[in-house]
Amino acid sequence: MKEDDFHDLVNPHILKLSPYVPGKPIEEVQRELGLKEIHKLASNESCVGTSSLAQQRLMEYASQLYLYPDSTCYSLRQALAKKHQVGMDSILVSNGAVEILYFLAVALLSSQDEVIAGEVSFAMYPVVTQLMNATLVKTPMTDFRLDLKAMARAVTGRTKVIFIDNPNNPAGTIVTRQEVETLLEMIPPRVLVVFDEAYVEFVESPDFPDTLSYLRDGRRVAVLRTFSKNYGLAGLRAGYILGPPALMEILRRVQPPFNVNAAAQAAALAALDDDTHLKTTVKVTRKEKRFLYEGFDRLHLFYVPSESNFILVNTGINAIEFFQQLLQEGIIVRPVGPALPTFVRISVGSHEANNRLLESIEKILAGAME
């Protein structure tokens, strides 16, 4: 009997969709290679860990897990509104910032529409665009930076959304305030500009744009943020979007009920109050990033200076082969893909993990020269 492939039922454009492939889990590498010590530097997780206040709140909340969560995330939205100086009706909380991308796609896109993103950008933009059978228009990078003028020139009558990951993932570079303001002047006001700021807390540049000011001024913009990276809550999945209230009302129409679990809401609310942990995370990340820069310089590896908690590195060899060799050493990194075939993205880890990484790379490079 022939195996049923369900192709007669599925929407044809879904068959063209390539699923997002996350960073390889530690447990999977342990199963495959039998290694005990694994350092995961592939998914840009916090190098410090989870806020102690968030951990404490989780333990306190454990006895209430039989109850459904607040589907409106009222308390968390209230705290975020105060933090960002916007109204509560300008915030929607989600099961990780990625879920917001799905909401935007389902609510706004169709087969007649176009989306603009950088040629090398967050891998979920193509996924959610193809999900709705819309067209993704990729614009070229300049010196590993998004070219916002090229994005503006790419706008057509079919363009609905522009995705700007700032800092860019995987390059770690930013676009400046002036570049953003020029883009907003060049494009029609009907186009929605989505600023994906998952790594904003790590940025050091004084030229980083205050995108929330555009929102307060009534511009058609939206801003994505997350608790996964800087607050160390990746395992609980909590993110949010800030945008015009009318857009939030539309997104709520496609939002599943109870999409943000109670534990995530409780932990995120506690993490927001833990300024000490956030400052420590940023300080340690920057210190360890400099340590990695020094190591890459010593090994004569090209890298892109980053405004985030990861670094784009040119290995000089096939990135997949490099990735596989590092796996044997118990180090997980992330190959970037066909656009940059010799590049890997390396998360800034603990000092122990970063030291092991540099030792392993030195070993790999020495073997390649023999």
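The structure we're discussing is the one just above.
Residues numbered from 1 in each chain as written. Predicted model: local features only at pLDDT ≥ 70, side-chain atom pairs only at ≥ 80, totals over all residues. Heavy atoms only, no water.

**Student:** I'd like to hear about the overall build of the chain, residue by residue, with values.
**Tutor:** For the chain, the helix and strand inventory stands at 13 helices and 15 strands. Against the globule reference of 21 Å for 370 residues, the chain gives a C-alpha radius of gyration of 21 Å, in line with a compact fold. When the backbone C-alpha atoms are referred to their principal axes, the chain occupies close to 65 × 60 × 50 Å. Every one of the 370 residues in the chain was classed for burial, and the buried ones make up 52%. A sequence separation of at least 24 residues applies to 73% of the contacts in the chain between residues at least 6 apart. In the structure as shown, the chain presents an accessible area of about 17,500 Å², 53% of it carried by carbon and sulfur atoms. Between the centroid of the 37 positive side chains of the chain and the centroid of its 43 negative side chains there is a distance of 3 Å. (Helix = DSSP H or I, 4+ residues; strand = E, 2+ residues; numbered from the N terminus. Rg over C-alpha atoms; globule rule 2.2 N^0.38 Å. Buried < 20%, exposed > 50% of the residue type's maximum accessible area, 1.4 Å probe, protein only. Contact = heavy atoms within 4.5 Å. Areas by Shrake-Rupley, 256 points an atom, 1.4 Å probe, with all protein chains shown as cover. Lys, Arg positive; Asp, Glu negative; His and termini not counted. Charge placed at Lys NZ, Arg CZ, Asp CG, Glu CD.)

**Student:** Residues and numbers for a negative patch on the surface, please.
**Tutor:** On the surface, Glu3, Asp4, Asp5 and Asp8 cluster together into a negatively charged patch. Locating aspartate 8 in the fold gives a position in the segment before α1 (26-33). (Patch = residues over 30% accessible without salt bridge, like charges linked within 9 Å, V, L, I, M, F, W, Y side chains within 5 Å. Salt bridge = Lys/Arg side-chain N within 4 Å of Asp/Glu carboxyl O.)

**Student:** Got a sec to walk through the packing of aromatic side chains? Specific residues and values, please.
**Tutor:** Going through the model one piece at a time under the given rule, you end up with 11 aromatic pairs. On the basis of an interplanar angle of 50° and a centroid distance of 5.9 Å, the ring pair of phenylalanine 296 and tyrosine 303 is categorised as tilted. In terms of burial, phenylalanine 296 and tyrosine 303 fall into one category: buried. Taking the centre distance of 6.3 Å and the plane angle of 85° together, the rings of phenylalanine 302 and phenylalanine 343 count as edge-to-face. Highlighted residues: phenylalanine 302 in strand β11 (residues 302-304) and phenylalanine 343 in strand β15 (residues 340-347), separated in sequence by 41 residues. An aromatic cluster is defined as three or more aromatic residues linked by ring pairs; in this entry it consists of Phe122, Tyr125 and Phe163. Taking NZ or CZ as reference, arginine 345 lies 5.7 Å from the ring centre of phenylalanine 310, over its face. (Phe/Tyr/Trp six-rings, centres within 6.5 Å; stacked < 30°, edge-to-face > 60°. Lys NZ or Arg CZ within 6 Å of the ring centre and 35° of its normal.)

**Student:** Account for the sheet that holds strand β9 (residues 221-226), naming residues and giving values.
**Tutor:** One open sheet holds the seven strands; their spatial order is β2-β10-β9-β8-β7-β3-β4, and the pairing between them is mixed. Every interior strand has two partners, whereas the edge strands, β2 (91-94) and β4 (135-139), have only one. Along the sheet, successive strands turn relative to each other by an average axial angle of 20°, direction set aside. Pairing between β9 and strand β10 (residues 239-242): four bridges, direction antiparallel. Bridge assignment links arginine 225 to a residue of β10, and that residue is tyrosine 240. Its contacts with the sheet put helix α4 (residues 97-108) on β2, β7 (159-165), β8 (192-196), β9 and β10, and the angle it makes with β2 is roughly 115°. Contacts from helix α7 (residues 177-186) reach β7, β8 and β9 within the one sheet, and its direction differs from that of β8 by about 160°. (Pairing = 2+ DSSP bridges. Axes fitted to C-alpha atoms, helices over the stretch in contact; angles between N-to-C directions.)

**Student:** Before we move on, can you summarise helix α10 (residues 262-272) with the specific residues and values?
**Tutor:** For α10, the tally of buried residues reaches 10 of 11 residues, placing the bulk of the element in the interior. Residues of α10 that are buried: Ala262, Ala263, Ala264, Gln265, Ala266, Ala267, Ala268, Ala270, Ala271 and Leu272. Tucked inside the fold, the buried residues of α10 contact α2 (52-61), α3 (74-84) and α11 (275-298). You can read the cap of α10 off the contacts: a side-chain oxygen lies 3.0 Å from the backbone nitrogen of alanine 263, and it is on asparagine 261. (Polar contact = N/O pair within 3.5 Å; in protein donor to acceptor, adjacent residues only side chain to side chain.)

**Student:** Account for the packing of α2 against α10, naming residues and giving values.
**Tutor:** Across the interface, α2 lies against α10 with an axial gap of 8 Å and an inter-helix angle of 145°. In this structure, α2 meets α10 at a crossing whose hand is right-handed. Counting all contacts with α2, which are made through Leu53, Ala54, Arg57, Leu58 and Tyr61, the residues of α10 involved are Ala262, Ala263, Ala266, Ala267, Ala270 and Ala271. Looking at the contact of α2 with α10 residue by residue, the classes come out as 10 nonpolar, no polar and one charged. (Left-handed = near helix turned anticlockwise from the far one by under 90°. Nonpolar A, V, L, I, M, F, W, Y, C, P; charged D, E, K, R; others polar.)

**Student:** Describe the side chain of histidine 84, and please don't skip the residues or the numbers.
**Tutor:** Its location among the elements puts histidine 84 in helix α3. Residues in contact with histidine 84, not counting those within four places in the same chain, are Leu212, Arg216, Arg225, Tyr240 and Leu242.

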